[in-house]
Amino acid sequence: MFGYVTAMQPELRVRELEAYKALYCGLCRRLKLDYGVRATMGLSYDLVFLTALGLALAEEDPVMEKKHCAVYLIRKKNAIQEGEVLHYAAAMQVLLAAAKLEDDVADETGSSALVAKSALALLASARRQAAQRYPERQQDILRSMSALQEAERGQPLSLDGYAHHSGHLIGRLAQPLGHGERDCRVLYTLGYQIGRWIYLLDAMDDYPEDVRLGRFNPLAAAGYSAQQCLDGTLQQLLADACLAANAALQLLPLRRYQGILENILLLGMPYQVRHAVAQQKEGAIAAEGATTTIEETVNEGSV
Amino acid sequence: MKDPYDVLGVPRTASEQEVKEAYRALAKKYHPDNYKNNPLADLAQEKMVEINEAYDTITKQRQGGGGTGGGSTYTSYTSNSSGSQGHLYVNVRNLINQGRIEDAHRLLDTVSAGQRNGEWHFLMGVVLQRKGWLADARSYFQEAVRLDPNNPEYRQATQSAGFPSGQPGSYGTGCGGGGCDLCTSMLCANLLCNCCCNG
């Protein structure tokens, strides 16, 4: 995925950090067992949030065991074992990764498109299996992706007009983690705000290149200038989403992992925003520097 | 009926001070202002009632007296509507109070572009905020203030009263501020350590 929905690890308690990593390892292992090693390739911490959320609501305490890892060879790593939540998160990882690759194939050109195509082909059988196990979720994903594509090609909308689709999708994926109508309502809202946040942050990240290549960008479509992406406005909107997500989180009957989940929403995600803004500002300065040098050279040359 | 000590998250042996502090912290968290116009406001309200009841129960058990000021109800949108569309806006506010957000939205859409005043923009912001469209809601609130700068209701909406308060970075020990180079280098050091040592 994007790797945006992550914790700020230095701010986790030691036991929380161990659990966080064990969740990652558990998810990776579950992917390998359910779908083969190739499915583990694109794994980032985003789906770990979903896993932690689901396990936080589960009745039984998750079991941790040390297992071997291909990357770490000799060393055994702690990994969360069994449970429906892990199967679910692994399947969602596969389906979302495949959907994103499909999007890349459509949007990218040249070698990037080729890479995406081959990756997609590698995931094909895993995707089929995952879709078989969770057909309704696959439908949710496909429907949201196509609705978004249609929106992006149609009349210009407001920011939330575009972000809604991403929000709705993550909301739908988060819903099944709860028991009972009340929890499902809260989970939908929580997922909705996270989905909006991901979409808007991705839009901010892609803004310079999208504008340069004449590709669609929701911020540009909603009338944001490059400057406005980097001043406080957009960051406030992103912060609003994190806070709204947290307001929802606080209404869930969490049995565990509250520290990790709050860290992700209130520290990790805002950090990702600051990081993205800083990177863009650096990029803008570097670009300016390069242009000035060329101009100077030209002027000096002509004298 | 849940155990009141569990609700407040304090042991049965907690001191009066500890109980009070736990109550205050929870009341602050689930205060209606934090859930103003939030789609989950009713659930937060339930939480508030639960917390107030728990505090009351414990206080009564221990001292045979005292209690809270009772839970606060979440803000309903009473109308100050005026103008040619005044009647319509009253209806919109009623619909919002009843939770009929889509109906409220549709009703607002019937107002022609030339008639869309400050109140229209404000109510649109309220509707969108309820749907979770926080970015658009902000724009509408700002426009409402621009059109009607003296209206306190609209002004309050833009001053994050309707949005959960403040900045997320101020949470906990908060590694707020810019850059976090210390954290990033700690992160890298940590990763390196995990690679070779303990893991």
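See the structure shown above.
Here is a short report on the structure shown in this document.

Reading the values: the criteria
Residues numbered from 1 in each chain as written. Chains lettered and ligands numbered in written order. Predicted model: local features only at pLDDT ≥ 70, side-chain atom pairs only at ≥ 80, totals over all residues. Heavy atoms only, no water. Helix = DSSP H or I, 4+ residues; strand = E, 2+ residues; numbered from the N terminus. Buried < 20%, exposed > 50% of the residue type's maximum accessible area, 1.4 Å probe, protein only. Contact = heavy atoms within 4.5 Å. Salt bridge = Lys/Arg side-chain N within 4 Å of Asp/Glu carboxyl O. Axes fitted to C-alpha atoms, helices over the stretch in contact; angles between N-to-C directions. Parallel < 35°, antiparallel > 145°, perpendicular 65-115°, else oblique. Left-handed = near helix turned anticlockwise from the far one by under 90°. Nonpolar A, V, L, I, M, F, W, Y, C, P; charged D, E, K, R; others polar. Phe/Tyr/Trp six-rings, centres within 6.5 Å; stacked < 30°, edge-to-face > 60°. Lys NZ or Arg CZ within 6 Å of the ring centre and 35° of its normal.

## So, the overall build of chain B
Part 1: In terms of helices and strands, chain B carries nine helices and zero strands.
Part 2: Counting helices and strands in the order they occur from the N terminus, chain B gives α-α-α-α-α-α-α-α-α.
Part 3: Across the 199 residues of chain B, 40% fall into the buried class.
Part 4: Contacts spanning at least 24 positions in sequence make up 50% of the contacts within chain B whose residues lie at least 6 apart.

## Here's the deal with the pattern of salt bridges
All names here are of chain A.
Part 1: All told, the structure shown has 28 salt bridges over all chains when counted by the stated rule.
Part 2: Put simply, Asp-34 and Arg-133 hold a salt bridge, and the shortest N to O gap is 3.5 Å. One end of the pair, Asp-34, is in helix H1 (residues 14-35); the other, Arg-133, is in helix H4 (residues 110-133), and 99 residues separate them in sequence.
Part 3: Residue classification places Asp-34 among the buried residues on the basis of a relative accessible area of 12%.
Part 4: You can call Arg-133 partly exposed: its relative accessible area is 42%.
Part 5: Between Asp-104 and Lys-100 there is a salt bridge whose closest N-O contact spans 3.5 Å. Taken as a pair, Asp-104 and Lys-100 lie in helix H3 (residues 84-107) at a separation of four residues, close to a single helical turn.
Part 6: By relative accessible area, Lys-100 is classed as partly exposed at 27%.
Part 7: Overlapping salt bridges, with partners in common, bring together Arg-137, Asp-140, Arg-143 and Arg-172 in one network.

## Structural notes on the packing of helix H5 (residues 101-109) of chain B against helix H6 (residues 118-131) of chain B
All names here are of chain B.
Part 1: Where H5 contacts H6, the axes come no closer than 10 Å and their chain directions differ by 150 degrees. When the axes of H5 and H6 are compared, the pair comes out roughly antiparallel. The way H5 lies across H6 gives a crossing that is left-handed. Residue-level contacts link Ile-101, Glu-102, Ala-104, His-105, Leu-108 and Asp-109 of H5 to Trp-120, Leu-123, Met-124, Val-127, Leu-128, Arg-130 and Lys-131 of H6.
Part 2: Residues belonging to the contact of H5 with H6 are distributed by class as follows: eight nonpolar, one polar and four charged.

## Focus: the packing of aromatic side chains
Part 1: Across all of its chains, the model carries eleven aromatic pairs over all chains by this definition.
Part 2: Taking the centre distance of 5.7 Å and the plane angle of 40 degrees together, the rings of B:Phe122 and B:Phe141 count as tilted. Taken together, the positions of B:Phe122 in helix H6 and B:Phe141 in helix H7 (residues 134-147) put the pair 19 residues apart, joining distant regions of the chain. Neither residue differs from the other here; B:Phe122 and B:Phe141 are each classed as buried.
Part 3: Clustering of aromatic rings is evident, with ring pairs tying together A:Phe2, A:Tyr4 and A:Trp197.
Part 4: A cation sits over an aromatic face here: B:Lys131 above B:Trp133, 5.2 Å from the ring centre.

## Remarks on unusual backbone geometry
Part 1: You will see that A:Tyr257, though not glycine, has its phi angle at about 65 degrees, which is positive.
Part 2: With respect to the secondary-structure elements, A:Tyr257 resides in the loop between helix H10 (232-249) and helix H11 (258-302).
Part 3: Among the residues examined, A:Tyr257 registers a relative accessible area of 15% and is labelled buried.
Part 4: Positive phi is not limited to glycine here, since B:Asn37 has a value of about 60 degrees.

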